[in-house]
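# Results of the structural survey
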Amino acid sequence: MGQVVPGSSDEHDIDAALLEWRQGDCALEEQWFAHVADGTRALTEEGGQANETLYIAQYEGLEGLVLVTQTCDVVRNCLKRPYVEVAPIVTVSEADYRLIERGHRPNYAPIPALADRLLVADLDRTMTVEKSVVATWNRTPGWQTDAEARVFAQALARKRARPAFPDDFVAMLERLDKRIREKHDRQSPEGAALRALREIRVRAAPDWSAETVHVTFWFILADEGPSPPNDSQLQAWLDLVEKSERYQPVEGLLVTLDDMTARDFIESDLLDFDHLSNRTAD
């Protein structure tokens, strides 16, 4: 990038090429990735060729690269903002894709326009590339509507912003966690009720560090979906939360987004069962 002269045709060509790119767009022909690792103790199994400690390899199973930099930064002048970030695209099973769509695998982000191919972004791996390189790539749109763009952006945010719940609270949720995993995809009334949920959020009052914590679960219904849970099903889920002298009372509400106030939402945290912060876990 240092060879690009301000005001030159190269600068204008790069900026023009990047104007069409948006966060979530893909380069499906770029099936390579670079990362730094200890060459004597590589933790990966892909078998990349090492150059000292830098691995640059064409990995089996890599389906391309997806742009994760915000669109406003992508289209800014290539001399002022010369770099963007990308993540590798991988294929997952249909069952895993459904979990990723629902936010239960925060290390992955669904790519809405490629959902029929079960392609997702692997957010555990990102690399920085110059815009001059991206300008040579073939762009494949990653989404078609504003709603789909938000889905991808929210998945990126979840990866970095999910809360670290206290270990004793995580331990309280083991039975509820197990139940949700076992029943979510079952063709049963409970499975349908779980699939009707947009997400589960939890609020601690006054806060997680208090000596006694009042816990409220918000079971938020999706706008559209199968049969929603009733009060009896809600209570059955709450009964799976272990009793605790510190966390009491424990309450739960079935709501839609329209039922919640903005304060309810921002003072609660997404309950991410796949990545609850339990330091004693594997």
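Residues numbered from 1 in each chain as written. Predicted model: local features only at pLDDT ≥ 70, side-chain atom pairs only at ≥ 80, totals over all residues. Heavy atoms only, no water.

## What about the overall build of the protein chain?
- A tally of regular secondary structure across the protein chain gives ten helices and 13 strands.
- Among the 282 residues that make up the protein chain, the fraction classed as buried is 45%.
- Considering only contacts within the protein chain whose residues lie at least 6 apart along the sequence, 72% involve residues at least 24 apart.
- As presented, the protein chain carries roughly 15500 Å² of accessible surface, and 47% of it is formed by carbon and sulfur atoms. (Helix = DSSP H or I, 4+ residues; strand = E, 2+ residues; numbered from the N terminus. Buried < 20%, exposed > 50% of the residue type's maximum accessible area, 1.4 Å probe, protein only. Contact = heavy atoms within 4.5 Å. Areas by Shrake-Rupley, 256 points an atom, 1.4 Å probe, with all protein chains shown as cover.)

## Remarks on unusual backbone geometry
- Proline 206 follows alanine 205 through a cis peptide bond whose omega is 0°.
- Tracing the sequence through the fold places proline 206 in the loop between β10 (197-205) and β11 (213-221).
- Look at the link from glutamine 248 to proline 249: it is a cis peptide, with omega at -5°.
- Here proline 249 lies in strand β12 (residues 247-255).
- Positive phi is not limited to glycine here, since leucine 118 has a value of about 60°.
- Its place among the elements puts leucine 118 in the loop between β7 (108-110) and β8 (119-122).

## A closer look at the sheet that holds β12
- Read across the open sheet, the four strands follow the order β12-β11-β10-β13; overall the sheet is mixed. Only two strands of the sheet have a single partner each, and these edge strands are β12 and β13 (269-270).
- As paired strands, β10 and β11 are joined by eight bridges and run antiparallel to one another. Residue pairing in the sheet places arginine 201 in a bridge with tryptophan 218 of β11. (Pairing = 2+ DSSP bridges.)

## Some thoughts on helix α9 (residues 231-238)
- For α9, the full list of buried residues reads Gln233, Leu234, Trp237 and Leu238. The buried residues of α9 occupy an angular sector of 140° when projected down its axis, which confines them to one face.
- Considering only its buried residues, α9 is in contact with α7 (174-183), α8 (189-195), β10, β11 and β12.
- The N-cap of α9, judged by a side-chain oxygen 3.2 Å from the amide nitrogen of serine 232 a few residues on, is asparagine 230. (Arc of directions from axis to C-beta. Polar contact = N/O pair within 3.5 Å; in protein donor to acceptor, adjacent residues only side chain to side chain.)

## Thoughts on helix α3 (residues 94-101)
- When we look at burial in α3, the residues that qualify are Tyr97, Leu99 and Ile100. Relative to the axis of α3, the buried residues are bounded by an arc of 160° and lie together on one face.
- On its buried face, α3 sits against β7 and β8.
- Phi turns positive, to about 85°, at glycine 103, one or two residues after α3.

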